[in-house]
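What follows is the residue order along each chain.
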Amino acid sequence: MTASPTAQRRKLGSGFLRGLDPRIPSNLAVLSGGATAGIISGIRLFLRPETPVNVVTGAVTAGVSVFLVWAIVRELDPDHPLTAVIALL
């Protein structure tokens, strides 16, 4: 029987070594938050007189920016994933 990802992190003593498992709520939050930011940004840019390249670039930039903010906060406080989720707001 294999241990859950949370149990494995506890065994290590820190949450520093962890992957991006969508079964973990904070990881799911960043995946859905990044997608939502990209979609909203894409719609906003589409409604303006922007070229399709600018719409796609802006949408991808918004999604990646949300992920980077989350990842940086997660690295600063790896043992408390709620801190990174709060940074998404």
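Residue positions are counted from 1 within each chain, in the order its sequence is given. In keeping with the model being predicted, local features are shown solely for residues with a pLDDT of at least 70 and side-chain atom pairs are shown and tallied solely at 80 or more, while totals for entire chains, interfaces and linings include all residues. Side-chain numbers here rest on the full set of heavy atoms in the structure, without hydrogens or water.

Undergrad: When you look at the packing of aromatic side chains in this model, what are you seeing that I'm missing?
TA: Any pair of aromatic rings gets described here by the distance separating the centres and the angle formed by the planes. Classification of ring pairs rests on two measures: the distance between centres of Phe, Tyr or Trp rings, Trp counted by its six-membered ring, which must be within 6.5 Å, and the angle between planes, read as stacked under 30 degrees, edge-to-face over 60 and tilted in between. In the structure shown here, the tally under the stated rule is one aromatic pair. Ring geometry for Phe 67 versus Trp 70: centroids 5.7 Å apart, planes at 40°, classification tilted. Note that Phe 67 and Trp 70 are positioned in helix α3 (residues 52-76) at a spacing of three residues, about one turn of the helix. Burial here depends on accessible area, computed with a 1.4 Å probe over protein chains only, as a share of the maximum for the residue type. Under 20% is buried, over 50% is exposed, and the range in between is partly exposed. A residue is classified by how much of its surface remains accessible, and Trp 70, at 1% relative accessible area, is buried. Note on conventions: DSSP H or I runs of at least 4 residues are helices, E runs of at least 2 residues are strands, and numbering of each starts at the N terminus.

Undergrad: Where do I start with a nonpolar patch on the surface in this structure?
TA: Like-charged residues within 9 Å of one another, or nonpolar side chains (Val, Leu, Ile, Met, Phe, Trp, Tyr) within 5 Å, are grouped into patches, provided each residue has over 30% relative accessible area and no salt bridge. Working definition of accessibility: Shrake-Rupley area with a 1.4 Å probe, residue cover restricted to the visible protein chains. Here, a salt bridge means any side-chain nitrogen of Lys or Arg that lies within 4 Å of a carboxyl oxygen of Asp or Glu. Residues Leu 20, Leu 31, Val 56, Val 60, Val 64, Phe 67, Leu 68, Ile 72 and Leu 76 make up a contiguous nonpolar surface patch of about 830 Å² in total accessible area. By the secondary structure assignment, Leu 68 is in helix α3.

Undergrad: Sorry, what's going on with helix α2 (residues 25-47) here?
TA: How far a helix is expected to stretch is found by multiplying one less than its residue total by 1.5 Å. Its 23 residues place the ends of α2 33 Å apart at the C-alpha level, agreeing with the 33 Å of an ideal helix rising 1.5 Å per residue. Of all the residues in α2, the buried ones are Ser 26, Asn 27, Val 30, Gly 34, Gly 38, Ser 41, Gly 42 and Leu 45. In what follows, residue pairs with any heavy atoms lying within 4.5 Å of each other are defined as contacts. Along its buried surface, α2 packs onto α3 and α4 (81-88).

Undergrad: Can you walk me through the packing of α2 against α4 in this structure?
TA: Relative orientation and spacing of two packed helices are given, respectively, by the angle between their axes and the distance between those axes. Here α2 crosses α4 at 20°, and the two axes come no closer than 9 Å. Classified by the angle between their axes, α2 and α4 sit roughly parallel to one another. Crossing angle aside, the handedness with which α2 passes α4 is left-handed. Contacts between α2 and α4 pair Ser 26, Ala 29 and Val 30 from the former with Pro 81, Val 85 and Leu 88 from the latter. Across the contact of α2 with α4, the residue classes tally to five nonpolar, one polar and no charged. Fitting a line to C-alpha atoms yields each axis, with helices limited to the stretch in contact; the angle taken between N-to-C directions then spans 0 to 180 degrees. Orientation is classified from the angle alone, with under 35 degrees giving roughly parallel, over 145 giving roughly antiparallel, 65 to 115 giving roughly perpendicular, and any other angle giving oblique. The hand of a helix crossing depends on one turn: near helix anticlockwise from the far one by less than a right angle means left-handed, and clockwise means right-handed. Each residue is assigned to one of three groups, with Ala, Val, Leu, Ile, Met, Phe, Trp, Tyr, Cys and Pro labelled nonpolar, Asp, Glu, Lys and Arg labelled charged, and all others, Gly among them, labelled polar.

Undergrad: Looking at this structure, I do not really get the packing of α3 against α4. What am I missing?
TA: Between α3 and α4, the shortest axis-to-axis distance is 8 Å and the interhelical angle comes to 150°. In this view, α3 runs roughly antiparallel relative to α4, as classed from their interaxial angle. Crossing geometry of α3 relative to α4 is assigned as right-handed. Packed against α3, whose contacting residues are Val 66, Val 69, Trp 70, Val 73 and Arg 74, the element α4 presents Thr 83, Ala 84, Val 85, Ala 87 and Leu 88 at the interface.

Undergrad: Where do I start with the side chain of Ser 41 in this structure?
TA: Residue placement: Ser 41 occurs in helix α2. By relative accessible area, Ser 41 is classed as buried at 10%. With residues up to four places along the chain from it excluded, the contact list for Ser 41 reads Gly 58, Ala 59 and Ala 62.

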